[in-house]
Amino acid sequence: MKLRDALCARSGVVCVVGAGGKKSTLYALARQLDRAVVTATVRIPIFDQHVDDVLVTDAPVAALRRVTDWPVGVVPDRDRDDRYRGYDPDVVDDIGTSDAADAVLVKADGARMREFKAPGDREPQLPATADTVLPIASVHAVGEPLADDTVHRPERVAALTGLDPGDAIRPSDVATVLTSERGGLAAVPDGATVVPVLNKVDDSALEAVAREIASDILARSDVPRVALTRLTASDPVVAVVER
């Protein structure tokens, strides 16, 4: 199965949130979709090698109308040498409602390269036009202690799950965060399709863990499916678990 089909992300505004695979999801989808744009509403590391070109512009819709080779990135400017700034969500709305691109792929929060997270008070920065929201967590977090080196904002995860610092993260804790309106479902616009993604499913043991999490997610929420992925592989879809 193609990643775009597994994630219900064939066109429109697709936003990734969470930890453990956001950027890999954006870049993999960009290679599968027609006239795809990679952008962000938060800071994003330099990603020029993953697209045909990156347009640094305050007028992204006008710039995209001149594009002939896809996929491309659009960003407002650089922030230091190693990352770009993101647009305000309403600018991404303008891109999404224009006919300048078929798919707008958006990094909508940060995780500082951790495996798992819960959002802060001002996260995520989701555009109102989001058609699909993909809350992501790495299954590598399961069994690890609730601590800064694995989890971004561990105190937020603790508040949602009841874990204490240093406690081992359980499959049910990942499901709890991904299905919480203070977690993976935070600020999701009405009508958007949500597909949780469990990434880094690297072997059969991790697939068993991911399937346990997926079953819990489906029991706790009304999401249509959960995707199990290994996003750095040439065939990134491990499985799709549906209700």
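Relevant structure appears above.
In what follows, the accompanying structure is described. (Residues numbered from 1 in each chain as written. Predicted model: local features only at pLDDT ≥ 70, side-chain atom pairs only at ≥ 80, totals over all residues. Heavy atoms only, no water.)

1. Focus on helix α7 (residues 204–220)
Note on helix geometry: an α-helix contains 3.6 residues per turn, so any two residues three or four positions apart are oriented the same way.
Line of reasoning, step 1. Taking 1.5 Å per residue, 17 residues should reach 24 Å; α7 reaches 24 Å between its end C-alpha atoms and fits that length.
Line of reasoning, step 2. Along α7, the residues classified as buried are Leu206, Val209, Ala210, Ile213, Ala214, Ile217 and Leu218.
Line of reasoning, step 3. In the core, the buried residues of α7 are packed alongside α6 (171–178), β12 (197–199), β13 (225–229) and β14 (237–242).
Line of reasoning, step 4. The residue sitting at the N-terminus of α7 and contributing the capping side-chain oxygen is Asp203; that oxygen lies 3.2 Å from the backbone nitrogen of Ala205. (Helix = DSSP H or I, 4+ residues; strand = E, 2+ residues; numbered from the N terminus. Expected span 1.5 Å × (residues − 1). Buried < 20%, exposed > 50% of the residue type's maximum accessible area, 1.4 Å probe, protein only. Contact = heavy atoms within 4.5 Å. Polar contact = N/O pair within 3.5 Å; in protein donor to acceptor, adjacent residues only side chain to side chain.)

2. Details of a negative patch on the surface
Line of reasoning, step 1. Together, Asp48, Asp52, Asp53 and Asp69 make up a negatively charged patch on the protein surface.
Line of reasoning, step 2. Relative to the helices and strands, Asp53 is located in strand β4 (residues 53–56).
Line of reasoning, step 3. Exposure remark for Asp53: the relative accessible area of 38% places this residue in the partly exposed category. (Patch = residues over 30% accessible without salt bridge, like charges linked within 9 Å, V, L, I, M, F, W, Y side chains within 5 Å. Areas by Shrake-Rupley, 256 points an atom, 1.4 Å probe, with all protein chains shown as cover. Salt bridge = Lys/Arg side-chain N within 4 Å of Asp/Glu carboxyl O. Lys, Arg positive; Asp, Glu negative; His and termini not counted. Charge placed at Lys NZ, Arg CZ, Asp CG, Glu CD.)

3. Considerations on the packing of helix α5 (residues 154–161) against α6
Line of reasoning, step 1. At their nearest, the axes of α5 and α6 sit 9 Å apart, and the two run at 95 degrees to each other. Considering the angle they form, α5 stands roughly perpendicular to α6. Listed contacts from α6 to Val157, Leu160 and Thr161 of α5 are Asp173, Thr176 and Val177.
Line of reasoning, step 2. A class-by-class count of the residues in the contact of α5 with α6 yields three nonpolar, two polar and one charged. (Axes fitted to C-alpha atoms, helices over the stretch in contact; angles between N-to-C directions. Parallel < 35°, antiparallel > 145°, perpendicular 65-115°, else oblique. Nonpolar A, V, L, I, M, F, W, Y, C, P; charged D, E, K, R; others polar.)

4. Structural notes on the layout of surface pockets
Line of reasoning, step 1. Quantified by volume, the largest pocket comes out at close to 1,000 Å³.
Line of reasoning, step 2. If you go around the largest pocket, you meet 36 residues; those closest to its centre are Arg43, Lys107, Asp109, Gly110 and Ala111.
Line of reasoning, step 3. For the lining of the largest pocket, the secondary-structure elements that each account for two or more residues are α2 (22–32) and β3 (44–45).
Line of reasoning, step 4. The greatest single-element share of the lining of the largest pocket, amounting to three residues, is contributed by α2.
Line of reasoning, step 5. Residue composition of the lining of the largest pocket, by class: seven nonpolar, 11 polar and 18 charged. (1 Å grid on protein atoms, 1.4 Å probe; cavity = no way out; pocket = protein on both sides within 12 Å on 5 of 7 lines; lining within 4 Å. Points joined across faces, edges and corners; volume = space filled by probe spheres on them.)

Without other data, these values stay purely geometric and don't point to any function.
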